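Breakdown of the fold
Take a look at the letters that make up each chain.
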Amino acid sequence: MHILDYMKDHFLILDGGMGTLLQESGLKPGELPERMNLSAPEVIKNIHKAYYDAGSNVVLTNTFGANPLKFDDEELDKIIAASIENARAAAKESLSSSEKFVALDIGPLGKLLKPYGDLEFEDAVSFYAKIVKTGAKYNPDLIFIETMNDSYDTKAALLAAKENSDLPVFVSNAYGSDGKLMTGATPAAMVAMLEGMHADAIGANCSLGPKQLMGVMEEYLEYASVPVLIKPNAGLPRSVDGKTVYDVLPEEFAGDIEELLKKGVRITGGCCGTRPEYIKAVVEKIWTMNPVPLVRKGRSVVSSYTHAVEFGHSPILIGERINPTGKKLFKEALRNNDIDYILGEGLKQQDAGVQLLDVNVGLPEIDEEKMLITVVKELQAVSDLPLQLDTTDYKAMESALRCYNGKAMVNSVNGKVEVMEHVFPLVKKYGGFVVALTLDENGIPEDADTRVKIAKRIIEKAKEYGIDKKDLIFDPLAMTISADTKAALSTLEAVYRINTELKANTSLGVSNVSFGLPERSLVTSVFFGNALEKGLSAAIMNPYSQEMMSVYYAFRALHDMDANCTDYIDYASKLPAKQEVKAQKPDAATISSGSAAEGLSPLKEAVVRGLKDKAGLITKELLASTEPLTIVQEEIIPALNIVGKGFEEKRMFLPQLLMAAEASKASFEEIKLAMAGKGSEGPKRMSFIIATVHGDIHDIGKNIVKLILENYGFDVHDLGKDVPPEVIVDKAIEIHAPVVGLSALMTTTVPAMEETIKQLRKKAPWVKVVVGGAVLTQEYADQIGADKYCKDAMDTVRYAEEVEKSL
């Protein structure tokens, strides 16, 4: 039976943890568990068989870390082939009568993608593609992408799976205690992107126990129309007599899973700390239950790398200013490749209150594809708003959709068959929310009736590509009333009928209505209010117009879309006397939400915003009149503290922290050059050794901590990944380091961390040891002898500052 057919009427039971069982079966600290597929196939087969016997329908191959960064092509092929053979053999030997399937398990590469790390998106896709193509040769039943803590890395893996196999693909992300991925994505954002790219099942695994993941699962179930999965840990880990144990026992675990299945989860298993007895307890608990039927949610959603924006409830504002039409300065910026100017336009519109940014960089004399890719990547590095990709160049559209981190809005298709046949396949592959213009080969209809008919044809054509009406938003086209005084009436009627008859979303470029008239904002704002009354879902508009923004906030308050009129009151309190609302500089309290406030110097703002080129230029100018140390102490460090505080208070997320670090790095480079010219290297703070422990090649967390520490001036000695204890100890002795930071992602490498700490205590007893990683807690850190557990980079900075003060 095909797994997707089986899932229609049954719960799908996955396996449990692997790492702890491998350690009990002889895996040594620092040894790569994937090699046991070849060196100890009976051990792997017996673990798989134990899960099948316990009631698992699916076992995941022992290939979590099998990737081209760790193994050469020949060994990777042998490992993957053996892993699938071991799982197949276990299925044959199992006495269980349940349906059995084998999943090719794919874990993260362990590197952060650009712009936050050094790995190119397409390189990540290529690495994952090699895993998929190798695995597909040996005929697994599905691909299981798991423990992904970054949305962009997740997209790379899913894209590789879809482009290089026809196998079903399940995707599972690892969420923190704040209910978000490491790089900030909410479950709703991940649902939007993954469903758009046609993952067959989606959900969460690792990091936390089932109780702690309840809120994450509820958000998945609220938004997802595909089956939802959960593979949680057995609670939180601790060390007992040198062994890792977890605090949730099988019976409690099974009870928690039962509650999640009652809510609608359809696929379940276990991750770290779970064993065959956990799976058996789940199977026994739920054997009389039936899955909750799948329901198509019909939610119209776009997403960025952090959050989703939903259409159809409160009207959505789309900033129109990243567009060369009628904008001389913007055209010059495109011609001169002035990316900072373009980013500034985006950030000012975010400050002004838009929820999306339209991005149009089409000029005949430039390479639109190249520019659109650049602007999309750079905008997503400094702004968390979703983007509307606005182009008629299909090649540019595909390239932008491919590199976009999230589910983009796509502008546009129309009733011309040729256009739909170009755009809809791209949206089917990459996902998207498509603007559909109500025009066709005969041009723009004058009457509303024909526009509605065109909308119906677009809906039917989209269905041929598997694109649902929920992923279409219709633009009935606002035409200028200076040429036809009935034009606005036809548009408003079309908005109303598409909303009420077709039950579809609508959008307008509202400023077109007043073209050629004096005092355009007066006409445009009244028309905007009329359209909102007719059910308009979104508007591409100028957020600097006080009239437009006033209509928006007043409309929401009058239509019970603004609880206690909070947004309206906040907006009204900031109204200036003049007619144009100019974007102002954000302070520490409001920077993350894009609200306007005054108070930041140009350099501080550039660092806080993550504008690295601008930060470098401003610093260079400041050095002509200001001492380097003054710039560091009065500009750079305070700016980093603003971002750090926002990160600690969950108002800002890891990408913003990293981009601020990159901007400050650009400033420091200018300062270093200036001081080198004076024969000085500049002041250095306390030495800090950092390393990923032996056997672990996942260095994302370590690299993030390194970057932030360096930007606070600490003298970081990065020993890299997979570092033996002896190397760390020798370095600590050599430089008499006050602090050593150790990182580990996997349970199988925590023993190497404990061994490193033991050796440090014996040979370098003065050293303070700080540890971090997905599998660690403060209690666990205490039990393996560490001085401090730090949950993130800023926590590490604060601890380093404490140690430095005590020296």
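A brief look at the structure comes next. Just so it is clear, the model here is predicted, and its values are computed rather than measured.

**Remarks on the sheet that holds strand E23 (residues 739-743)**
- With parallel pairing, five strands are arranged side by side in an open sheet as E22-E21-E23-E24-E25. Strands at the two margins of the open sheet, each flanked by one partner only, are strand E22 (715-718) and strand E25 (788-789).
- Its contacts with the sheet place helix H28 (residues 750-763) against E23 and strand E24 (768-772), and it is angled at close to 175 degrees to E24.
- Each of strand E21 (687-692), E23, E24 and E25 is contacted by helix H30 (residues 793-806), which is oriented at about 175 degrees to E24, the strand it contacts most.

**Comments concerning the packing of helix H25 (residues 654-677) against helix H26 (residues 700-711)**
- Running from N to C, H25 and H26 point in directions that differ by 45 degrees, and their axes come no closer than 9 Å. It follows from the interaxial angle that H25 and H26 lie oblique. Once H25 is placed against H26, the crossing between them reads as left-handed. Contact with H25, carried on its side by Leu654, Leu657, Leu658, Ala661, Glu662, Ser664, Lys665 and Phe668, involves Ile704, Leu707, Ile708 and Asn711 of H26 and no other residues of that element.
- Its residues assigned to classes, the contact of H25 with H26 comprises eight nonpolar, two polar and two charged.

**Focus: the packing of aromatic side chains**
- Counted under the stated rule, the structure contains eleven aromatic pairs.
- On the basis of an interplanar angle of 55 degrees and a centroid distance of 5.9 Å, the ring pair of Tyr6 and Phe101 is categorised as tilted. Here the residue Tyr6 occupies a position in helix H1 (residues 3-7), and Phe101 occupies one in strand E3 (residues 101-106), the gap between them amounting to 95 residues.
- One aromatic cluster in this structure is built from Tyr552, Tyr553 and Tyr571.
- Sitting over the ring of Tyr223, Arg299 keeps its end group 4.1 Å from the ring centre.
- A cation sits over an aromatic face here: Lys534 above Tyr496, 5.6 Å from the ring centre.

**Let's talk about the pairing of strand E5 (residues 169-173)**
- Burial analysis of E5 places five of its five residues in the buried class, the great majority of the element.
- Going residue by residue along E5, you find Val169, Val171 and Asn173 tucked away on one face and Phe170 and Ser172 tucked away on the opposite face as well.
- Remark: the strand E4 (residues 142-148)/helix H7 (residues 151-164)/E5 crossover connection has right-handed handedness.
- In terms of strand pairing, E5 meets strand E6 (residues 201-205) through four bridges, oriented parallel. Opposite Asn173, over in E6, you have Ala204 as the bridge partner.
- On the question of chirality, the crossover connecting E5 to the parallel E6 by way of helix H8 (residues 187-196) is right-handed.

**As for the packing of helix H16 (residues 417-430) against helix H17 (residues 448-463)**
- One can describe the packing of H16 onto H17 by two numbers: an axis separation of 11 Å at closest approach and a directional angle of 40 degrees. One finds that H16 runs oblique with respect to H17. Remark: the crossing between H16 and H17 carries right-handed chirality. Residues Val417, Met420, Glu421 and Phe424 of H16 pack against Ile458, Lys461 and Ala462 of H17.

Thresholds applied
Residues numbered from 1 in each chain as written. Predicted model: local features only at pLDDT ≥ 70, side-chain atom pairs only at ≥ 80, totals over all residues. Heavy atoms only, no water. Pairing = 2+ DSSP bridges. Helix = DSSP H or I, 4+ residues; strand = E, 2+ residues; numbered from the N terminus. Contact = heavy atoms within 4.5 Å. Axes fitted to C-alpha atoms, helices over the stretch in contact; angles between N-to-C directions. Parallel < 35°, antiparallel > 145°, perpendicular 65-115°, else oblique. Left-handed = near helix turned anticlockwise from the far one by under 90°. Nonpolar A, V, L, I, M, F, W, Y, C, P; charged D, E, K, R; others polar. Phe/Tyr/Trp six-rings, centres within 6.5 Å; stacked < 30°, edge-to-face > 60°. Lys NZ or Arg CZ within 6 Å of the ring centre and 35° of its normal. Buried < 20%, exposed > 50% of the residue type's maximum accessible area, 1.4 Å probe, protein only. Right-handed = clockwise from strand over helix to strand, strands pointing away.

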